[in-house]
Amino acid sequence: MKAAILGTTGYTGLILLRLLAEHDDVDEVLPTSSSQSGEMLENVDPGIGAALRTKTETTDGRLLSVDELKPLKPDVVFSALPHMASAEVCAPFFGSSVVIDLSADFRIHDVALFERAYKQKPPREDLLPHAVYGLTEVYRDRIAGADLIANPGCYPTASLLPLIPLARAGVIRGKIFINALSGISGAGRKAATNYLFCERDENAGVYNPGKSHRHAAEMGEQIASFDAGLDLYFTPHLVPMSRGEAATTTVELVREIDDDELLGIYRDAYESSPFVRITPDRIPQTKDVLGSNRCDIGWHREGTTLFLFSVIDNLVKGASGQAVQNMNVRFGFPETHGLSTYGAV
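Residues numbered from 1 in each chain as written. Predicted model: local features only at pLDDT ≥ 70, side-chain atom pairs only at ≥ 80, totals over all residues. Heavy atoms only, no water.

Here's the deal with the overall build of the chain
Counting secondary structure elements, the chain contains eleven helices and 13 strands. Over its C-alpha atoms the chain spans a radius of gyration of 20 Å, differing by no more than 12% from the 20 Å that the globule rule assigns to 345 residues. C-alpha extents for the chain along the principal axes are approximately 60 × 45 × 40 Å. Taking as baseline every contact in the chain between residues at least 6 positions apart, the subset at least 24 positions apart corresponds to 70%. Roughly 14,400 Å² of accessible area belongs to the chain as shown, and the carbon and sulfur atoms make up 49% of that amount. (Helix = DSSP H or I, 4+ residues; strand = E, 2+ residues; numbered from the N terminus. Rg over C-alpha atoms; globule rule 2.2 N^0.38 Å. Contact = heavy atoms within 4.5 Å. Areas by Shrake-Rupley, 256 points an atom, 1.4 Å probe, with all protein chains shown as cover.)

This is the structure we're talking about:
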């Protein structure tokens, strides 16, 4: 099987390299970069060293251009490109390869909602009906037959996994308040003053609160598909760590529900999901899942007010790991192939 990566030199592309290097079902990896095509992969990414040498023999260990990639006919194309650029670069591969897009270009199906969130129309409105939202644990059956998978980002993944089972069961109502903390790698591998070490070290803060963050629209559309009466507010925070994400979500229950019933709801939703761990007896921490493709979910109740706690590695379950998980489901591989279910020590 041949797997291509568009945008190899960003954080998500580099994580994909490492995951595909260890994936037994991937025979060839085709790393691609518009900005550094022709460069030797070992020079661009010394961390990978020679680990990919046997899987990049077709490219002589070089980063390809998109034009060089086209005739190689990859089975799957991972696009780790920026929003609004990904759909255009992926155009030659629609219909011939399975495309797993890690940008937001296909995540929102409502065109007006997309335009409000991103201040422009979707780049490929014609393909939105064919794109399956790649939250694997929720849409596994649809992903298995999809040729265009819109891989969710880190904030929606960490927030929706604890919420959707409750919305689907009809046990929450009214307003949803999500406060999420992300490591700085969630902003991508780019030079910007706000992400410099001196700006972020010993510094934590909120940005784009309420409904102003573009992911609020994405999460709102997903939650509304299970319960249109819910109203979602999202407040993201940048915190001084390189990776990891923790979300605290406050919801109102329709009635008092004990821990056993809540546990039953989550077990019904995720008992066949190897990357979701329910921790009702403790609040999960980001280090628990560092380097893994897991989402841990816990909670605390006070009357009918429920506090949900969820943690992920923003670069793995929040991006590249979930993309590989979606590839596994789509091609009929074991869902855990090439992915870790445990966090780093």
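Observations regarding the pairing of strand E9 (residues 231-238)
Counting buried positions along E9 yields six of eight residues, so the element is predominantly enclosed. The pairing of strand E8 (residues 205-206) with E9 spans two bridges and is classified as antiparallel. Across the sheet, residue Val206 finds its bridge partner in E9, namely His237. (Buried < 20%, exposed > 50% of the residue type's maximum accessible area, 1.4 Å probe, protein only. Pairing = 2+ DSSP bridges.)

Remarks on the pattern of salt bridges
A full pass over the atoms with the stated rule returns 16 salt bridges. Among the charged side chains, a network of salt bridges with common partners joins Arg277, Arg294 and Asp296. (Salt bridge = Lys/Arg side-chain N within 4 Å of Asp/Glu carboxyl O.)

Considering the packing of aromatic side chains
Counted by the stated rule, this structure contains seven aromatic pairs. Between the aromatic rings of Tyr155 and Phe234, the centroid separation amounts to 5.0 Å while the plane-to-plane angle is 70°, which identifies the pairing as edge-to-face. Of this pair, Tyr155 sits in helix H7 (residues 154-169) while Phe234 sits in strand E9; the two residues are 79 residues apart in sequence, bridging distant segments of the chain. Residue classification places Phe234 among the buried residues on the basis of a relative accessible area of 0%. Over the aromatic face of Phe331 sits the side chain of Arg330, whose NZ or CZ is 5.3 Å from the ring centroid. (Phe/Tyr/Trp six-rings, centres within 6.5 Å; stacked < 30°, edge-to-face > 60°. Lys NZ or Arg CZ within 6 Å of the ring centre and 35° of its normal.)

Thoughts on the pairing of strand E4 (residues 98-101)
Every second residue of E4 is oriented toward a common face, with Val98 and Ile100 on one face and Val99 and Asp101 on the other, all of them buried. Bridge analysis of strand E3 (residues 76-79) against E4 gives four bridges, and the strand direction is parallel. Residue pairing across strands places Ser79 opposite Asp101, the latter belonging to E4.

Observations regarding the state of the cysteines
This structure, assessed with the given rule, holds zero disulfides. Just so you know, Cys154 is unpaired, no disulfide at all, and the nearest cysteine sulfur is the one on Cys295, 12 Å from it. When its relative accessible area of 10% is taken as the criterion, Cys154 is described as buried. (Disulfide = S-S within 2.5 Å.)

What about the nonpolar core?
Counting 76 residues, the largest nonpolar core has Leu20, Phe78, Ile100, Leu163, Leu166, Ile172 and Met327 as its most contacted members. Sorting elements by how many residues they give to this core places H7 first, with nine residues. By size, the runner-up hydrophobic cluster in this structure holds 19 residues, among which are Leu64, Val77, Phe93 and Ala131. (Core = buried A, V, L, I, M, F, W, Y, C linked by side-chain atoms within 4.5 Å.)

Some details on the packing of helix H1 (residues 11-21) against helix H11 (residues 316-331)
Packing of H1 against H11 brings their axes to within 8 Å, and their N-to-C directions diverge by 45°. Classed by the angle they form, the pair H1 and H11 counts as oblique. For the pair H1 and H11, the crossing hand works out as right-handed. Here H1 contributes Thr12, Ile15, Leu16, Leu19 and Leu20 to the contact with H11, which in turn contributes Ala319, Ser320, Gly321, Ala323, Val324 and Met327. (Axes fitted to C-alpha atoms, helices over the stretch in contact; angles between N-to-C directions. Parallel < 35°, antiparallel > 145°, perpendicular 65-115°, else oblique. Left-handed = near helix turned anticlockwise from the far one by under 90°.)

Section: unusual backbone geometry
Peptide bonds are mostly trans, and most non-glycine residues show a negative phi. If you check the backbone angles, Lys73 has positive phi at about 50° while not being a glycine. Among the structural elements, Lys73 can be located in the loop between helix H3 (66-69) and E3. When its relative accessible area of 66% is taken as the criterion, Lys73 is described as exposed. Unusually for a residue other than glycine, Met84 sits at a positive phi of about 75°.

Here we look at the packing of helix H5 (residues 111-118) against helix H9 (residues 214-224)
With their axes 8 Å apart at the nearest point, H5 and H9 run at an angle of 160° to one another. Considered as vectors, H5 and H9 are oriented roughly antiparallel to each other. Our pair here, H5 against H9, has a crossing hand that is right-handed. Here Leu113, Ala117 and Tyr118 of H5 come into contact with H9, specifically with Arg214, His215, Ala217 and Glu221. Its residues placed into classes, the contact of H5 with H9 shows four nonpolar, one polar and two charged. (Nonpolar A, V, L, I, M, F, W, Y, C, P; charged D, E, K, R; others polar.)

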